Each structure stands twice: as C-alpha cells, then as structure tokens.
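# Secondary and tertiary structure notes
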Amino acid sequence: MSESTITVEVARGVGGTARTEAFEVPREESQTVLDVVAWIQQNTDPTLTYRYACRVGVCGSCAMTVNGEPRWTCRTHVGKVVRGGRMTVGPLRNLPVIKDLVVDLDPFFDKWVAAEGVFHPTRSREDAIEPIRPDSAEREAADAGIECINCAVCYSACDVVGANPDYLGPAALNRAWTLYNDARDDARGAILDAVSGTGGCHNCHSMGSCARYCPAELNPTNAIAGLKRATMARSLFGRR
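Residues numbered from 1 in each chain as written. Predicted model: local features only at pLDDT ≥ 70, side-chain atom pairs only at ≥ 80, totals over all residues. Heavy atoms only, no water.

## Points about the side chain of Thr-231
Note the following rule: We count a stretch as a helix when DSSP gives it H or I for four or more residues in a row; a strand needs E for two or more, and each element gets its number in order from the N terminus. Definition of a polar contact: a pair of N or O atoms within 3.5 Å, with one able to donate and the other able to accept a hydrogen when the atoms are protein atoms, and with sequence-neighbouring residues admitted only if both atoms are side-chain atoms. Contact criterion: two residues are considered in contact whenever any of their non-hydrogen atoms come within 4.5 Å of each other.
Along the polypeptide, Thr-231 turns up in helix α10 (residues 220-237). Among the polar contacts listed, one links the side chain of Thr-231 to the backbone oxygen of Lys-228, at a separation of 3.0 Å. Apart from residues no more than four positions distant in its own chain, Thr-231 is found in contact with Leu-192, Val-195, Ser-196, Cys-201 and His-202.

## Notes on unusual backbone geometry
For the record, the criterion: A simple rule labels every residue: compare its accessible area, found with a 1.4 Å probe on the protein chains alone, to the largest value its type can have, and call it buried under 20%, exposed over 50%, or partly exposed in between.
Here Asn-67, not a glycine, exhibits a phi torsion of approximately 50°, which is positive. We classify Asn-67 as partly exposed; its relative accessible area is 32%. One non-glycine residue, Asp-100, lies in positive phi territory at about 50°. The topology assignment puts Asp-100 in the loop between β6 (97-99) and β7 (102-103). Classification of Asp-100 as buried rests on a relative accessible area of 3%.

## Side note on α10
At 3.6 residues per turn, the α-helix brings residues three or four places apart onto the same side. As a reminder of what qualifies: Under the convention used throughout, the expected extent of a helix is 1.5 Å for every residue step, that is, one less than its residue count.
Compared with the 26 Å implied by 1.5 Å per residue over 18 residues, the 25 Å span of α10 between its first and last C-alpha is a close match. Buried within α10 are the following residues: Pro-220, Thr-221, Ala-223, Ile-224, Gly-226, Leu-227, Lys-228, Ala-230, Thr-231 and Ala-233. Lining the buried residues of α10 we find α7 (170-180), α8 (188-195) and α9 (209-213). A positive backbone phi angle near 75° is found at Gly-238, which sits one or two residues after α10.

Remember, this is a structural readout, not a statement about activity or role.
Written as structure tokens, this is what we have:
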C-alpha cells in the first residue's frame, strides 16, 4: 500500500457464504466509493457483483455498507471514509445476500406492502382532481416523508429489524404514515390495522438510527411516533 493507492476489503460470497477479499485501488481526486467498486470490477475482478443505476444520488440502488455503516456509495467520497489508507465495503445488513454486494430486496418491499404502503385512491381518473391545501397539518406530515426512494439504508441501519425479522421496518412505516396523512388515500383504518399488529410500529425502540443514516435526511422515527399516537388514539377513543 502507498499514498497513491487504497486497500479496499470487499465482502465476497454467494448466499450465506461470506469472505473478505482485499484489493489495491489507485487513489483519485473526487473519487467515490462507487467509483472504487467499479474500478475493481472493471480492472481487477470482473466477477465482482454490485448494483447501481443513476450514479447521482437519485435512485438509491448503489446502497452498501462502508466501514460498517450503510451509505449511498455514489454520494460517499473516499476522502471521508478512508482510514489509514483502508476501507471496507459490504452488502446492506438485515437483507439476504444474493452475491457479493447485492442483496435481495424482496423482504424489504414485502413489508412495504404489508404496512399498506400502497396508495388507496378515493377517486378515479374520471373524477375531478381533489384540491389539497399544502399548508394543512396533514399535508405537511405527509410531505415530511414523501421523498423516500426505497434505498433500504434505514432498514439496514435499524437494530430492531436485525433482532426481530417480523418488524416492518422504518421505510415501510414511514410510507404508512405518509399515506395515513394523505387526504387522497382511502384506507386510514386499514393502515392502522396493518401497523398495530405483530411487527408493527410499537416494536420501534426510537433509537433513531434510521433518521441518522437516511441519505435524504428524512426522519422515519418521527413518522413511527405518529403511527404510535394514532393507533393508541384509536384504541382508547375510537378515533382514526
């Protein structure tokens, strides 16, 4: 290793098998972690498997674990994470590994659906568009979490997900809270049913890892707290 190179330890393996392989990568100016992974695949080992799409922080598909923390690798500059000329890159936690740095996102999206995170329209395309007040409390609550792009960084960061496979996770619950506050959604009761059962919002320990690591700076912890209040209000007072 020299100052002109980085030693990168990359997780390798298929399914449940796992090992670490070290690569020497040239150090470049304005280099991202995704650039490093791509260089390894293009110049050293073409069998290295990883996922990416936009490279500009829009799609979230390049999320990996860097030095033990979940990140968008396209937005993570090497200079911020290299320590002593070394760094580690692995797949996201809490999801099955398909190969190397690629995880199976089916469990993540299955929980999105289980949390009723699918829009339930009140009107058809033939109906007039419903006016929505952007300054209403409900709309502001919905807007606070609407920019989630399903990158699963928060899911990987969540220790409750790691300890409880039934837990719906911060992204799914954030989406549920967004729709619960959307005046155009017609399933408030179904949403509360979905998030108040086994694996629902009351499993959250409010540790805040989801908010800390969210690259879009959303706060699923606040959304989950809102669901806790809503489910308790319905239980105690019958309000929805």
